[in-house]
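Spelled out, the chains give:
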Amino acid sequence: MPEIPVFPHDAVLQAISPAEAIDRVRDGFVEYAGGAWQMPPKTYLDASPNGDFRAMPAKGAGLAILKWVTSFPRNPEAGLPVVMGMICVSSASDGEPLALVDVRSVTALRTGAVAAVASQELAREDARTVGIVGSGLHGAWAARCLAAAEYGPGICFDPNPEAAGRLAGELGWEAGGREDALACDIVTCVTPGVSPVVLESDLRPGLHLNMLGADGPGKAEATPTAVARCELFCDEWEQASHGGELTAAVEAGLIRREQVRELGDVLAGAAPGRSGPSAVTLFDSTGLAIQDLALCVALLEAHRAGRVHAETVRL
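My aim in this report is to walk through the structure given alongside it, one point at a time. (Residues numbered from 1 in each chain as written. Predicted model: local features only at pLDDT ≥ 70, side-chain atom pairs only at ≥ 80, totals over all residues. Heavy atoms only, no water.)

### A short note on unusual backbone geometry
- The step from Ser48 to Pro49 runs through a cis peptide bond, and the omega angle for that step is 5°.
- Here Pro49 shows up in the loop between strand 2 (43–47) and strand 3 (51–60).
- Omega for the peptide link from Gly152 to Pro153 comes to 5°, which places this bond in the cis form.
- Looking at where Pro153 falls in the secondary structure, it is placed in the loop between helix 4 (137–148) and strand 8 (154–157).
- Within the chain, Ala61 stands out as a residue other than glycine whose phi angle is a positive 55°.
- Even without being glycine, Glu150 reaches a positive phi, approximately 70°. (Helix = DSSP H or I, 4+ residues; strand = E, 2+ residues; numbered from the N terminus.)

In structure tokens form, the structure reads like this:
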């Protein structure tokens with residue numbers, strides 16, 4: 001077995017800027033919508049009461065990946081990350097292992113990038129201000145990617161004022177309350193999803209919502225009635241309807257499949273975006289392996305071009 005490159009956390013972030021991540025994730029959605037990339041369903045392995053494991057495969061651009069990733073929400077109490085794991089990258093033509101990639105950096109970067117892609121496509125053309133609800137790791141990357149897409153200034157909110165203050169200080173934005181963040185043009189929610197942070201009374205004409213925290217069964221960041229009042233978009237219907245922001249509204253009979261458009265179809269011109277400037281749009285992101293694949297493609301290209309160094313292992 002030849003030596004396999006290993007890309008740690010910092011190498012990934014060195015190789016791929018937020019601006020490039022936005023472009024790559026956008027391209028990944030279009031490739032998947034057009035049928036060029038493949039993605040079997042995400043598989044959950046329950047590890048109650050502490051969390052779960054997720055196996056996420058995808059194939060495209062000559063590569064096949066398997067993302068093995070955790071979600072253990074109580075880990076920070078023990079000084080450990082919520083998200084850990086790795087992405088195994090192989091050649092799609094002969095199966096040769098090509099790389100092992102740190103999962104935390106890729107997940108954070110593509111989570112932030114999809115918030116920017118969805119905002120570019122679904123928010124009002126004149127939308128500028130950003131509200132971040134949840135200023136942890138993924139909220140911070142969502143804010144950085146939105147700033148890279150030239151949105152801002154923004155308001156950062158978090159139950160931990162220090163987290164909101166650090167993120168606001170980094171970007172030159174402001175820290176504020178939940179209501180301050182929800183008053184912005186583009187509101188991006190990145191919370192654990194254990195209780196709603198967006199109510200029906202928070203909705204107003206022209207608002208765009210990115211809902212990034214409800215990435216598994218039982219999680220939600222908005223009430224079902226608030227979700228049902230929006231024009232609805234998601235990354236992938238099967239995931240979103242069974243383990244995402246849309247799930248509770250689907251189960252309550254408040255929304256149907258035909259009311260929800262997939263972002264890839266909108267990007268590819270196969271489905272319309274927002275109906276007008278006064279619409280309230282909501283994008284439900286559950287996290288797709290094609291997003292991870294898109295960044296792995298960029299990472300291996302950077303490595304071949306000599307722009308990033310990798311460690312190696314021999315199996």
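### Considerations on the sheet that holds strand 10 (residues 186–189)
- Strand order in the open sheet formed by eight strands is 9-8-7-10-11-14-12-13, and the pairing between neighbours is parallel. With one partner strand each, in any of the chains shown, strand 9 (174–175) and strand 13 (260–262) form the two edges of the open sheet.
- For strand 12 (residues 231–234) and strand 13, the ladder comprises three bridges, and the chain directions are parallel. Within strand 13, the position partnered with Cys234 by the bridge is Glu262.
- The sheet strands contacting helix 3 (residues 103–122) are strand 10, strand 11 (208–211), strand 12 and strand 14 (281–284), and the helix crosses strand 11 at an angle near 155°.
- The sheet contacts of helix 4 involve strand 7 (130–133) and strand 10, and relative to strand 7 the element is tilted by about 170°. (Pairing = 2+ DSSP bridges. Contact = heavy atoms within 4.5 Å. Axes fitted to C-alpha atoms, helices over the stretch in contact; angles between N-to-C directions.)

### Focus: the packing of helix 2 (residues 18–33) against helix 11 (residues 289–304)
- Running from N to C, helix 2 and helix 11 point in directions that differ by 125°, and their axes come no closer than 8 Å. In this view, helix 2 runs oblique relative to helix 11, as classed from their interaxial angle. Between helix 2 and helix 11 lies a crossing of right-handed hand. In contact with Glu20, Ala21, Arg24, Val25, Gly28, Phe29 and Tyr32 of helix 2, helix 11 contributes Ile290, Gln291, Ala294, Leu295, Val297, Ala298 and Glu301. (Parallel < 35°, antiparallel > 145°, perpendicular 65-115°, else oblique. Left-handed = near helix turned anticlockwise from the far one by under 90°.)

### Describing the pattern of salt bridges
- Inspection of the entire model under this criterion finds 16 salt bridges.
- We note a salt bridge from Arg26 to Glu121, for which the minimum N-O separation is 3.4 Å. Of the two residues, Arg26 sits in helix 2 while Glu121 sits in helix 3, which places them 95 residues apart along the sequence.
- For Arg26, a relative accessible area of 23% gives the class partly exposed.
- Salt-bridge contacts for Asp185 lead to Arg124; the nearest nitrogen and oxygen are separated by 3.4 Å. On the criterion of sequence distance, the pair formed by Asp185 in the loop between helix 6 (178–182) and strand 10 and Arg124 in the loop between helix 3 and strand 7 is long-range, its members being 61 residues apart. Taken individually, Asp185 and Arg124 each receive the classification buried, so the pair is uniform in this respect.
- Each of the salt bridges in this network shares a partner with another, and the network as a whole consists of Asp52, Arg54, Asp215 and Lys219. (Salt bridge = Lys/Arg side-chain N within 4 Å of Asp/Glu carboxyl O. Buried < 20%, exposed > 50% of the residue type's maximum accessible area, 1.4 Å probe, protein only.)

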